[in-house]
Amino acid sequence: MPNPLLDVGELPDYAAIRPEHALGAVRDQISENRRRLAELLAQPNPTFATLVEPFEAMQHRLNQVFAPIGHLNAVTNSDELRAAYNACLPLLSEYQTEVGQNDLLAATYAAIREREAPALSAAQIRVLDFALREFELAGVRLPAGPKARFKDLMQELAQLQSKFEEQVLDATQAWSRSVADAASLAGLPAHVTERAAAQARQQGQDGWLLKLDQPTYVAVVTHAEDRDLRREFYEAWATRASDRGPCAGRFDNGPVITDILRLRHEAARLLGYGNFAELSLATKMATNVAEVIGFLEELADSYVPAGRTELAKLEAFAGRPLDAWDVPYYADKLQRKLHDVSEEELRPWFPLPRVLSGLFAIAERLYGVTIAAREDVTTWHADARYYEIRDRDGATIGGFYTDLYARDHKRGGAWMGEVSVRKRLGGSPAVRPVANIVCNFAPPSAGQPALLTHGDVLTMFHEFGHALHHLLTRIDYPSVAGINGVPWDAVELPSQMMEQWAWRPEVLPLVSAHVATGEPLPAQMLARLLGTRTFHAGLAAARQLEFALFDFRLHSGTEAADATSMAEVLSAVRARVGIVRPPEWNRFAYSFMHVFSGGYAAGYYSYKWAEVLAADAFAAFAEAGVFDGPTAARFLDELLSRGGSRDLMEAFVAFRGRRPDVRPLLQQHGIAA
Ligand SMILES: [Zn+2]
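Residues numbered from 1 in each chain as written. Predicted model: local features only at pLDDT ≥ 70, side-chain atom pairs only at ≥ 80, totals over all residues. Heavy atoms only, no water.

Participant: Explanation requested: the packing of helix α15 (residues 352–367) against helix α16 (residues 454–471) in the structure shown.
Facilitator: Axes are the key here: two packed helices are described by the angle between their axes and the distance separating the axes. In the contact formed by α15 and α16, the axes pass within 11 Å of each other and the chain directions differ by 40°. The pairing of α15 with α16 is recorded here as oblique in orientation. Helix-helix and strand crossings are classified by hand; for α15 and α16 the assignment is right-handed. Of the residues in α16, those touching α15 at Val-355, Leu-356, Leu-359, Phe-360, Ile-362, Ala-363 and Tyr-367 are Val-457, Met-460, Phe-461, Phe-464 and Leu-468. Residue classes in the contact of α15 with α16 are distributed as twelve nonpolar, no polar and no charged. (Axes fitted to C-alpha atoms, helices over the stretch in contact; angles between N-to-C directions. Helix = DSSP H or I, 4+ residues; strand = E, 2+ residues; numbered from the N terminus. Parallel < 35°, antiparallel > 145°, perpendicular 65-115°, else oblique. Left-handed = near helix turned anticlockwise from the far one by under 90°. Contact = heavy atoms within 4.5 Å. Nonpolar A, V, L, I, M, F, W, Y, C, P; charged D, E, K, R; others polar.)

Written as structure tokens, this is what we have:
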């Protein structure tokens, strides 16, 4: 039987892929790449065309082989798949480090850069510069001993980060709460209790079974009138994978965190940086540690006082001091009183099919693309779909899968992932970009489509914004096409900008239609929804600033942080920007996957950084009209289609006519600068 992972066609054959295919496919492709690389380096006088392009093509192919394994592991996790995925990681990490530390390859790139620069395009130069920086960061210049150590560090880190994520997933699934008495569920939306009843039946139990998936957790802490139930859920959630709470010690990420921080620090020092934060900034739009801290502090100066006032008003409304598990509950009540609208009440106006058709219509108006479902594509789950995206002339640009509902054995949260990156190079077949859009919305119940909250709508717009960045690229070299080669702190610009449309009165009628009547969101409800946008903006931003400062300071010491110094950093950060006082046993860091298993280490500030860019970029649309053709064309030409082939500050200035300004973001939040 041929291995479906190695038979790379237009789209992966998800129905045919089994866990046992993973290791063999990755191993075979890596040996093929090794053989090919040796061949490329052995040729006399390699050039951009005879070395760089074929090298781009083979790296691209390895990514295509591995992408379905990573994706399936995230959306259909099983013991077998997890073991297969984990078995591939050391091979990939070893190969990547080996390529990154290949002196001859690095020297050849440098020579090509030197010799051919005058004849190369700007994008080709970026391909070389980007690769040369990667070589440097992979330790290519290190002497043999430290070089070998660096290689080990990268492998160990990859495993630790994967373990961190597994323990969060396991801890989330390990906990659930049986409820026998309907009174305990008072306040919870019907779709949550219906699902809980179904889950109890599945387990052969009476009553209800509430699990700890994100939609259930959010519903309980926001709506459950039973304060003890809220507290119980908050505790289970905030202590996941830690030494505290109901599963204390069973999946403890404490030692994993200490190891990760120690190894990151060592790696940074080996490369000549003072700490991991400095290393992180080597590939960012922000230029140094002080600039990032200064940026976060500047925002804190505006947001924290606003947030403190908001909490004081909330406590006055509740009539008592509030614990962390009370804040979402009373905030929802206050918001309802002030704006008479709650996320749950809005659901009937946002059936998923309507939200998607509206979203696709916006992309059509802005960028001239059309999007249509293709039913003949096999996927990994009955809920997953495939859509094709075409240009004005009807030519296929690429496509994307959606997998939008929460379920067991699926990683929480939402993300856009690459299935394949656009590639058009001499000597190998052209490849179109394909994306995955994954969310965890509450699934449809009782003969209705899934009904989204407005927050869910924003999430959908956000991930779609990433997908457009990936799909609408015009760059032919995969290493700098789409989101590749884009600095982390700018990669959220297109996604956060896309969210802005979901707040506009011109747009909301396009994405809303009541599930029973088909009516768009009534004007009066729309006005109330818009009122919610600035509601508790200070509290929300202060929380993001707390995460960002915690992450950045944690990685910017002269020594690696351990459990003690981590606690110190956290309390210093909370003293500066913390507003809601969490209990002593809160262990949010132990499930902070962005920082400990994702790509946001010493980079969580990127969300705010990009939010400032996004609000300012959208202000250009707000000024010209949200569907203004020339503005959209300029954004596409100068920034969105350029991927990592152009310096982001240069692209931003070309689009906006000036450098970024924080004021549009503060204005959007109703906060004075
Ligand atoms: Zn994002």
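There is more to say after this.
Participant: For this particular structure, what's the right way to read the coordination of the zinc ion?
Facilitator: Ideal values differ by geometry: the angle at a metal is 109.5 degrees with four tetrahedral donors, but 90 or 180 degrees with six octahedral donors. Here the zinc ion is held by the protein donor atoms His-462 (NE2), His-466 (NE2), Glu-492 (OE) and Glu-492 (OE), which lie 2.1 to 2.7 Å from it. Here the zinc ion binds four donor atoms, and the angle range of 53 to 139° at the metal identifies the geometry as irregular. Each donor residue of the zinc ion lies on one chain, and together they are spaced H-x3-H-x25-E. On the criterion of sequence distance, the pair formed by His-462 in helix α16 and Glu-492 in the loop between α17 (488–491) and α18 (493–501) is long-range, its members being 30 residues apart. Neither residue differs from the other here; His-462 and Glu-492 are each classed as buried. (Donors = N, O, S within 2.8 Å, 3.2 Å for Na, K, Ca; no water. Tetrahedral: all angles 85-135°; square planar, octahedral: opposite > 155°, others 65-115°. Buried < 20%, exposed > 50% of the residue type's maximum accessible area, 1.4 Å probe, protein only.)

Participant: Just checking my understanding: could you explain the nonpolar core for this structure?
Facilitator: In a soluble, globular protein the nonpolar side chains are often hidden away together inside. Counting 174 residues, the largest nonpolar core has Tyr-367, Phe-461, Trp-501 and Phe-596 as the members making the most contacts within it. Not counting chain neighbours up to four residues away, the residues in contact with Phe-461 comprise Val-355, Leu-359, Ile-362, Ser-495, Met-498, Glu-499, Trp-501, Ala-502 and Val-511. Val-26, Leu-72, Ala-384 and Trp-415 belong to the second largest nonpolar core, which has 59 residues in total. (Core = buried A, V, L, I, M, F, W, Y, C linked by side-chain atoms within 4.5 Å.)

Participant: Can you walk me through the domain arrangement of the chain in this structure?
Facilitator: Domain boundaries in the chain define domain 1 (14–100 + 102–137), domain 2 (175–238), domain 3 (254–320 + 534–673) and domain 4 (348–514). Distance from the C-alpha centre of domain 1 to the C-alpha centre of domain 3: 31 Å. The partner domain 3 presents nine residues to the seven residues of domain 1 that form the contact. Of the roughly 550 Å² buried where domain 1 meets domain 3, counting both sides, 59% is carbon and sulfur surface. Interface area lost by domain 1 to domain 3 is led by Arg-126, Arg-133 and Leu-137, which between them contribute 83%. Remark: the boundary between domain 1 and domain 3 carries zero salt bridges. Run the count over domain 1 and domain 3 and you get one residue pair in polar contact (both at pLDDT 80 or more). For the side of domain 1 that touches domain 3, the per-class residue count stands at three nonpolar, no polar and four charged. (Domains from an automatic or database assignment. Buried area = accessible area lost by both parts, 1.4 Å probe. Salt bridge = Lys/Arg side-chain N within 4 Å of Asp/Glu carboxyl O. Polar contact = N/O pair within 3.5 Å; in protein donor to acceptor, adjacent residues only side chain to side chain.)

Participant: When you look at unusual backbone geometry in this model, what are you seeing that I'm missing?
Facilitator: In most cases, non-glycine residues show a negative phi, while peptide bonds are predominantly trans. A positive phi angle, near 45°, is found at Asn-45, a position not held by glycine. Mapping Asn-45 onto the fold places it in the loop between α1 (19–42) and α2 (48–75). With a relative accessible area of 65%, Asn-45 lands in the exposed category. The phi angle at His-536 is positive, at roughly 55°, despite the residue not being glycine. With respect to the helices, strands and loops of the structure, His-536 is situated in the loop between α20 (523–532) and α21 (537–554). What makes His-536 buried here is its relative accessible area of 12%.

Participant: Please clarify how the environment of Gly-412 should be interpreted in this entry.
Facilitator: Note that Gly-412 resides in the loop between β5 (396–405) and β6 (415–420). Gly-412 sits 197 residues away from Pro-215 along the chain, and the two C-alpha atoms are 9.3 Å apart.

Participant: How do you make sense of the sheet that holds β5 when you look at a structure like this?
Facilitator: Hydrogen bonds along the backbone pair up the strands of a sheet, which may run parallel or antiparallel. Sheet architecture is open: five strands sit in the order β3-β4-β5-β9-β6, paired in mixed fashion. Each edge of the open sheet carries a strand with a single partner, namely β3 (370–374) and β6. Across the sheet, the mean angle from the axis of one strand to that of its neighbour is 25°, orientation sign disregarded. Relative to β6, α2 is tilted by about 150°, and along the sheet it contacts β5, β6 and β9 (434–441). (Pairing = 2+ DSSP bridges.)

Participant: How should the environment of His-21 be read in this particular structure?
Facilitator: As for its position among the elements, His-21 is in helix α1. Distance in space between the C-alpha atoms of His-21 and Val-256 is 29 Å, their sequence separation being 235 residues. With near-sequence residues (within four places) excluded, His-21 lies in contact with Asn-3, Pro-4, Leu-5 and Ala-16. A polar atom in the side chain of His-21 sits 2.8 Å from the backbone nitrogen of Arg-18.

Participant: Mind showing me how you'd approach the packing of aromatic side chains here?
Facilitator: Two numbers describe a pair of aromatic rings. These are the distance of the centres and the angle of the planes. This model, assessed by the stated rule, comprises 39 aromatic pairs. Centroid distance Tyr-387 to Phe-400: 5.2 Å. Interplanar angle 20°. Geometry classified as stacked. Of the two residues, Tyr-387 sits in strand β4 (residues 385–390) while Phe-400 sits in strand β5, which places them 13 residues apart along the sequence. Since its relative accessible area comes to 11%, Tyr-387 is described here as buried. These aromatic residues form a ring-pair network of at least three members: Trp-488, Phe-547, Phe-550, Phe-588, Phe-592, Tyr-600, Tyr-604 and Tyr-607. Directly above the ring of Trp-325 sits Arg-231, whose terminal nitrogen or CZ lies 5.2 Å from the centroid. (Phe/Tyr/Trp six-rings, centres within 6.5 Å; stacked < 30°, edge-to-face > 60°. Lys NZ or Arg CZ within 6 Å of the ring centre and 35° of its normal.)

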